[in-house]
Amino acid sequence: MPSVLSVKNLNVSLEDNSVLEKISFTLAPGESLAIIGPNGSGKTVLLKALLGLIPYAGEIRWAKNIKIGYVPQKIDADRHLPITLADLLQAKARVLELEEKECAQVCQIIGLSEKALQTPVGHLSGGQFQKGLIALALLGNPQVILLDEPTASLDQPSEEHVYELIHRLQKQYQLTVIIVSHDLSMVYHKIHKVLSLNKQMLSFGEPREVLSSKNLKQLFGASMEYYDHIHKKHDAKR
């Protein structure tokens, strides 16, 4: 099967400082990839390089005519700004020259209520706002979605709902998903491939291989716990 993404010997330097070195991996259509690592390891920089937003050396090759959606880690919304989710979706639809019905279809898929759509973005709950960002990323029918810690500012119930939504969309529409995440239990349960990153790629493969105690200890340098599908606790110190 041809890859949707091939990365070979990727290196990124910002302000003469090396941020990423010798990153190589491939991803097949419909697969999901989680990027994990400590703060400052280059996870967001890797996403920006994949999107072509920053200069890099090496090779990033996407499949021909690929469409990509992006959900950033955080957008600070002014509570006094009179812009609603509906306004944002309609503005992007106009830029992409989409029919109005495509906004309605995306909102139905995501489960955005009319009340949420008409609420100023600064007054939305964290979970509603994150669903809105995912809806924006889905406009235009992308085959790939990149998400940068989409649940970082959410409480646990909202975090679980957002991850369930992402997983459902990935399966239902055969999306290729690349997600930066700190939730190792979610990564173990719902992700096909994992890339552990600390400026260099330490490991890449299936969750049961990458999320070993030895690998996690090397990556984070401290105890990291998560639960597998039979609720067995894993601890990086073991």
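So, here is what we can say about the structure in this document. Here the residue numbering is sequential within each chain, running from 1 through the sequence in written order. Given that the model is predicted, a residue must reach a pLDDT of at least 70 before its local features are reported, and side-chain atom pairs must reach 80 or more before they are shown or counted; all residues, however, enter totals for whole chains, interfaces and linings. Based on all heavy atoms of the structure, the side-chain values leave hydrogens and waters out of the count.

## A few points about the overall build of the protein
Counting secondary structure elements, the protein contains nine helices and 11 strands. A principal-axis box enclosing the C-alpha atoms of the protein has dimensions of 50 × 40 × 40 Å. With 238 residues in all, the protein has 47% of them scored as buried. Pairs at least 24 residues apart make up 67% of the contacts formed inside the protein by residues separated by at least 6 positions. Only the protein chains shown count as cover for residues, with accessible areas throughout obtained via the Shrake-Rupley method and a probe of 1.4 Å. Surface exposure of the protein reaches about 12,600 Å², of which carbon and sulfur atoms provide 49%. The way it works is that DSSP assigns letters per residue, a run of H or I at least four long becomes a helix, a run of E at least two long becomes a strand, and they are numbered from the N terminus. Note on exposure labels: buried denotes an accessible area under 20% of the residue type's maximum, exposed denotes more than 50%, and partly exposed covers the range between, all computed with a 1.4 Å probe on protein chains only. Residue contacts are counted whenever heavy atoms from the two residues lie within 4.5 Å of one another.

## Topic: the nonpolar core
Looking at soluble globular proteins, one finds that nonpolar side chains tend to be buried together. Only buried Ala, Val, Leu, Ile, Met, Phe, Trp, Tyr and Cys residues count toward a nonpolar core, and they belong to the same one when joined by side-chain atoms within 4.5 Å. Judged by nonpolar contacts, the single largest core of 45 residues is most densely connected at Ile110, Ile134 and Ile179. Broken down by element, this core gets its largest block of residues, seven residues, from helix α5 (residues 126-138). In this structure Ile134 touches Val71, Ile110, Leu147, Val162, Leu165, Ile166 and Leu169, once residues within four positions along its chain are discounted. Counting residues in hydrophobic clusters, the runner-up holds 26 residues, among them Leu27, Leu50, Ile54 and Leu197.

## Considerations on helix α3 (residues 100-110)
Residues of α3 that are buried: Cys103, Val106, Cys107 and Ile110. Buried positions in α3, seen along its axis, are confined to an arc of 100 degrees and lie on one side of it. Looking at α3, the residues exposed on the side facing more than 90 degrees away from the buried face are Lys101 and Gln108. In this structure, the buried residues of α3 make contact with α2 (85-95), α4 (114-117), α5 and α6 (156-172). Throughout, the arc means that of the directions going from the helix axis to the C-beta atoms.

## Focus on the side chain of Ser32
For Ser32, the position within the fold is in strand β3 (residues 32-36). On the accessibility criterion, Ser32 (2% relative accessible area) is buried. Those residues in contact with Ser32, other than ones at most four positions away along the chain, are Gln170, Val177, Lys190, Ile191, His192 and Lys193.

## A closer look at the layout of surface pockets
In this structure, the largest pocket spans a volume of roughly 260 Å³. Cavities and pockets were defined on a 1 Å grid built from protein atoms only: a cavity is a group of points that admits a 1.4 Å probe but offers it no way out, a pocket is an open group of points flanked by protein on both sides within 12 Å along at least five of seven lines, and a lining residue is one with an atom within 4 Å of any such point. For the largest pocket, the lining is made up of 11 residues, of which Gln156, Glu160, Asp183, Ser185 and Met186 are closest to its centre. When residues of the lining of the largest pocket are traced back to their parent elements, those giving at least two are α6 and α7 (184-190). The element best represented in the lining of the largest pocket is α6, accounting for five residues. Amino acid classes used here: Ala, Val, Leu, Ile, Met, Phe, Trp, Tyr, Cys and Pro are nonpolar; Asp, Glu, Lys and Arg are charged; the rest, including Gly, are polar. Within the lining of the largest pocket, the residues separate by chemical class into three nonpolar, three polar and five charged. Grid points are joined across faces, edges and corners, and a volume is the space filled by probe spheres set on the points.

## Observations regarding the packing of aromatic side chains
When the centres of two rings from Phe, Tyr and Trp lie within 6.5 Å, Trp using its six-membered ring, the rings pair. Their planes under 30 degrees apart give stacked, over 60 give edge-to-face, and anything left gives tilted. For the coordinates displayed, the defined rule picks out one aromatic pair. When the centroid spacing of 5.8 Å and the interplanar angle of 40 degrees are considered together, the rings of Phe25 and Phe204 count as tilted. With a gap of 179 residues between them, Phe25 in strand β2 (residues 17-27) and Phe204 in strand β9 (residues 200-205) connect regions that are remote in the sequence. Judged by its relative accessible area of 3%, Phe25 is buried.

## Digging into the pairing of strand β5 (residues 68-71)
Residues of β5 alternate between two faces, with Gly69 and Val71 buried on one and Ile68 and Tyr70 left unburied on the opposite face. Two strands pair if DSSP finds at least two bridges between them. With four bridges connecting them, β5 and strand β6 (residues 144-148) associate as parallel partners. The residue of β6 that forms the bridge with Tyr70 is Leu146.

## Quick notes on the pairing of β2
Sheet faces and side chains relate simply in a regular strand, where the side chains alternate between the two faces. Pairing of strand β1 (residues 5-14) with β2, which is carried by seven bridges, proceeds in the antiparallel orientation. Across the sheet, the residue bridging to Val12 is Leu20, located in β2. Hairpin connection of β1 to β2: two residues between the antiparallel strands, including Glu15 at a positive phi of 55 degrees.

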